[in-house]
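Coordinate inspection notes
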Amino acid sequence: MEGTESRSGTVSSVVADWSLVFWTLCSVILPVLITLWCSFQRSRRQVLIRDIFRKSKHDWHYTDLFGQPSYCCVCAQHILQGAFCNCCGLRVSEGCLKKADQLFLCKEIMMRSSGGAHSSMPHHWIRGNVPLCSCCMICKQQCGTQPKLCDYRCVWCQYTVHDECMMDCLKTEECTFGEFRDLIIPPYYLSTINQMRKDKRTNYEKVVPYCRKHWMPVIILANTRSGNNMGETLLGELKILLNPVQVFDLSKIAPAKALQLCTLLPCNAVRVLVCGGDGTVGWVLDAIDEMKIKGQERYIPQVAILPLGTGNDLSNTLGWGAGYAGEVPVEQILRNVMEADGIKLDRWKVQVTNKGYYNLRKPKVFTMNNYFSIGPDALMALNFHAHREKTPSLFSSRIINKAVYFFYGTKDCLVQECKDLNKKVELELDGERIKLPNLEGIIVLNIGYWGGGCRLWEGMGDEPYPLARHDDGLLEVVGVHGSFHCAQIQVKLANPVRLGQAHTVRLILKSSKMPMQVDGEPWAQGPCTVTITHKTRALMLYHSGEQTDDEASSMSEQDHMREQTDEDV
């Protein structure tokens with residue numbers, strides 16, 4: 001009996017042990033299997049979604065969370081995540097994506113023109129997800145107030161209509177293209193131009209749509225890698241308001257190729273909005289210079305700027321602000337482009353010739369829009385550039401970028417790597433040798449702003465100084481005593497060392513290696529001769545919006561000095 005009980009106890013303990021092992025394995029393996037199955041299904045679903053995105057005429061993008069209450073355009077259910085079209089604004093759930101792609105047409109960038117040069121097209125209505133605070137074009141009451149898929153929006157003129165106000169006549173009514181009709185390239189226009197090119201006709205002015213005299217089509221060139229990475233968001237919002245064919249991502253297409261659209265539009269009518277930093281603006285202006293070389297001068301556009309970079313000194317000079325962070329609606333930006341005035345901007349050729357007995361290298365040639373410098377600010381830019389090349393992912397914010405600049409500026413205050421610059425260089429302004437005081441840096445200015453918003457030439461504004469403009473063919477040359485002096489100038493506690501104005505600047509680096517920069521592009525340079533001469537002028541757009549106190553005082557001082565100069569004359 002005792003043996004039997006002991007054997008049964010042993011068997012039951014073994015069974016209990018194996019049962020514990022089995023359930024332990026199940027508790028470990030089952031979640032792993034479920035996770036693997038879910039990841040397999042997710043990857044399979046992503047492959048199917050990418051396949052739909054690739055074949056679709058819609059510009060689909062997937063989001064894990066919509067920014068406002070959204071409803072699926074197919075099943076009318078409330079959705080938190082899903083796909084949306086960047087061109088027409090459709091929003092659908094993941095399960096309805098394929099059906100929506102088949103049911104709904106996207107914006108047509110080209111279509112057949114049925115009425116010659118003054119053709120028209122009906123509204124293109126999309127139901128649901130109308131913009132917040134939009135009003136019905138019939139009853140003038142607010143749309144989209146009900147918590148369901150309701151009301152209609154035209155993807156071209158952006159007009160909205162209640163479900164109960166929608167009539168059959170509205171479905172066939174001619175679309176006026178709304179507030180931004182002067183900026184939009186109509187779908188039928190490009191079709192007409194395409195037919196004219198086949199017939200070898202180039203009098204595109206006769207095809208101006210809407211019978212409007214002030215048509216000024218805009219081309220959007222956005223750098224999605226600039227500054228605070230707002231480029232992609234802007235691209236989507238602008239594609240909804242305009243024709244997608246006139247909105248370009250510069251990370252996918254070069255500006256020279258995008259600007260060829262200007263040759264299909266009326267002469268001297270096109271405006272270009274560059275969304276990026278000063279480097280992006282320079283890239284676009286170089287592409288416009290290439291158009292001049294190709295004999296396309298009559299198609300040269302005027303350039304406006306939406307500042308997305310770190311410094312944005314050129315955009316600040318032209319009235320477009322020191323930086324954009326989404327605080328202004330895209331609609332207001334387009335209004336500013338329409339209202340902006342045309343001005344000219346001097347562009348300069350910077351030639352760097354290395355010194356040496358057997359120097360066979362070609363001189364380095366740069367194009368300058370903003371400024372050239374040698375000394376502490378170029379050293380800060382060089383250190384920043386080297387750090388960004390090593391870890392580009394860290395430099396996705398304008399605040400972080402400026403903090404890194406501040407760090408290197410503070411470091412240079414202690415180290416003073418550029419001291420005794422006046423003993424290492426010679427400076428000539430229009431052929432006249434300039435005697436240099438004790439300096440650490442020399443800056444050659446073409447525009448009013450420098451260093452991320454500082455009016456360097458004016459300084460504190462308590463001393464008389466010659467007028468400085470960006471279209472007078474003159475450069476302003478100043479000296480600084482170091483990084484700490486630069487910081488004092490930026491907070492208006494000191495004046496720069498004004499060395500003079502000139503049409504041609506020549507700087508000779510006699511010995512050692514020094515940091516230099518042109519428009520924020522730095523490098524370390526050995527003994528050389530730097531010659532800066534006038535190259536050309538660019539057609540820009542100036543936004544005369546609200547001025548800051550500093551700008552207002554600066555303008556009043558310049559006007560006062562201009563009046564004194566006129567009286568003296």
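Residues numbered from 1 in each chain as written. Predicted model: local features only at pLDDT ≥ 70, side-chain atom pairs only at ≥ 80, totals over all residues. Heavy atoms only, no water.

Rule in force here: UniProt positions are given in the numbering used here, feature names are shortened, and annotations may be inferred rather than shown by experiment.
Per an unreviewed UniProt entry, the protein goes by Diacylglycerol kinase and derives from Eudyptes sclateri. In its Sequence similarities (unreviewed entry) section, the UniProt record describing the protein reads: "Belongs to the eukaryotic diacylglycerol kinase family."

**Digging into empty space enclosed by the protein**
For the record, the criterion: Here a cavity denotes a set of grid points, spaced 1 Å apart and computed over the protein atoms alone, in which a 1.4 Å probe fits but from which it cannot get out, and a pocket denotes an open set meeting protein on both sides within 12 Å along at least five of seven lines; residues with an atom within 4 Å of a point are reported as lining. Grid points are joined across faces, edges and corners, and a volume is the space filled by probe spheres set on the points. A run of H or I in DSSP counts as a helix once it spans at least four residues, and a run of E counts as a strand once it spans at least two, with each numbered from the N terminus. Throughout, the ten residues Ala, Val, Leu, Ile, Met, Phe, Trp, Tyr, Cys and Pro are labelled nonpolar, Asp, Glu, Lys and Arg are labelled charged, and all others, Gly among them, are labelled polar.
This structure, assessed with the given rule, holds two cavities of 30 Å³ or more. Taken as a whole, the largest cavity spans an internal volume of roughly 50 Å³. Lining the largest cavity are L285, I288, D289, K292, I300, P301, V303, R347, R537, A538 and L539. Where the lining of the largest cavity is concerned, the elements lending two or more residues are α7 (278-293) and β24 (528-542). If one sorts the elements of the lining of the largest cavity by residue count, α7 sits on top with four residues. Split into classes, the residues belonging to the lining of the largest cavity amount to seven nonpolar, no polar and four charged.

**Considerations on the layout of surface pockets**
Computed from the structure, the second largest pocket encloses a volume of approximately 1,200 Å³. Along the walls of the second largest pocket sit 46 residues, with P131, Q158, I240, L241 and E331 positioned nearest its centre. Looking at the lining of the second largest pocket, the elements that each hand over two or more residues are β4 (82-85), α5 (231-241) and α9 (330-339). By residue number, the principal contributor to the lining of the second largest pocket is α5, which donates six residues. Among the residues forming the lining of the second largest pocket, the class breakdown is 25 nonpolar, 14 polar and seven charged.

**Description of the sheet that holds β4**
Consider a sheet: its strands pair through backbone hydrogen bonds, and that pairing is either parallel or antiparallel. Defined as follows: Strands were regarded as paired on the criterion that DSSP finds at least two bridges between them.
Strand order across the open sheet formed by three strands is β1-β4-β5, with antiparallel pairing between neighbours. Looking at which strands have only one partner, the edges of the open sheet turn out to be β1 (60-63) and β5 (91-92).

**Side note on the environment of M121**
For clarity, the threshold we go by: Only protein chains enter the accessibility calculation, which uses a 1.4 Å probe; a residue whose area is less than 20% of its type maximum is buried, one above 50% is exposed, and one in between is partly exposed. By the convention used here, residues are in contact when the closest approach between their heavy atoms is within 4.5 Å.
Mapped onto the elements of the fold, M121 is located in the loop between α2 (97-103) and β6 (125-127). In this structure M121 comes out as buried when scored by relative accessible area, which is 8%. Note: C-alpha distance between M121 and P187 (66 residues apart in sequence) is 8.7 Å. Once residues within four sequence positions are removed from consideration, M121 is found in contact with M111, W156, E173, E174, C175, F177, P187 and Y188.

**Thoughts on the sheet that holds strand β20 (residues 497-502)**
What counts is decided by this rule: To obtain each axis, a line is fitted to C-alpha atoms, and for helices this fit is confined to the stretch in contact; angles are then taken between N-to-C directions over 0 to 180 degrees.
Reading across the sheet, the six strands line up as β20-β19-β18-β15-β22-β23 and stay open at both edges, with antiparallel pairing between neighbours. Pairing within the sheet leaves two strands with one partner each, and these edge strands are β20 and β23 (521-525). Shown here is a sheet whose adjacent strand axes are inclined to one another by a mean of 15°, direction ignored. Inspection of the sheet shows strand β15 (residues 371-374) paired to strand β18 (residues 441-445) by four bridges, in the antiparallel sense. Following the sheet pairing, Y371 is matched in β18 by L445.

**Overview of the nonpolar core**
Rules: We define the nonpolar core as a collection of buried residues of types Ala, Val, Leu, Ile, Met, Phe, Trp, Tyr and Cys that are connected through side-chain atoms lying within 4.5 Å of one another.
I219, L221, L259, L273 and M540 are the most contacted members of the largest nonpolar core, which has 96 residues in total. Ranked by the residues each element gives to this core, the list is headed by α7, at six residues. In this view, M540 contacts V281, L285, Q302, V303, I305, L318, D341, G342, I343 and L345; residues no more than four positions away in its chain are not counted. Formed by 32 residues, the second largest nonpolar core is a distinct cluster that contains V350, L427, V505 and L509.

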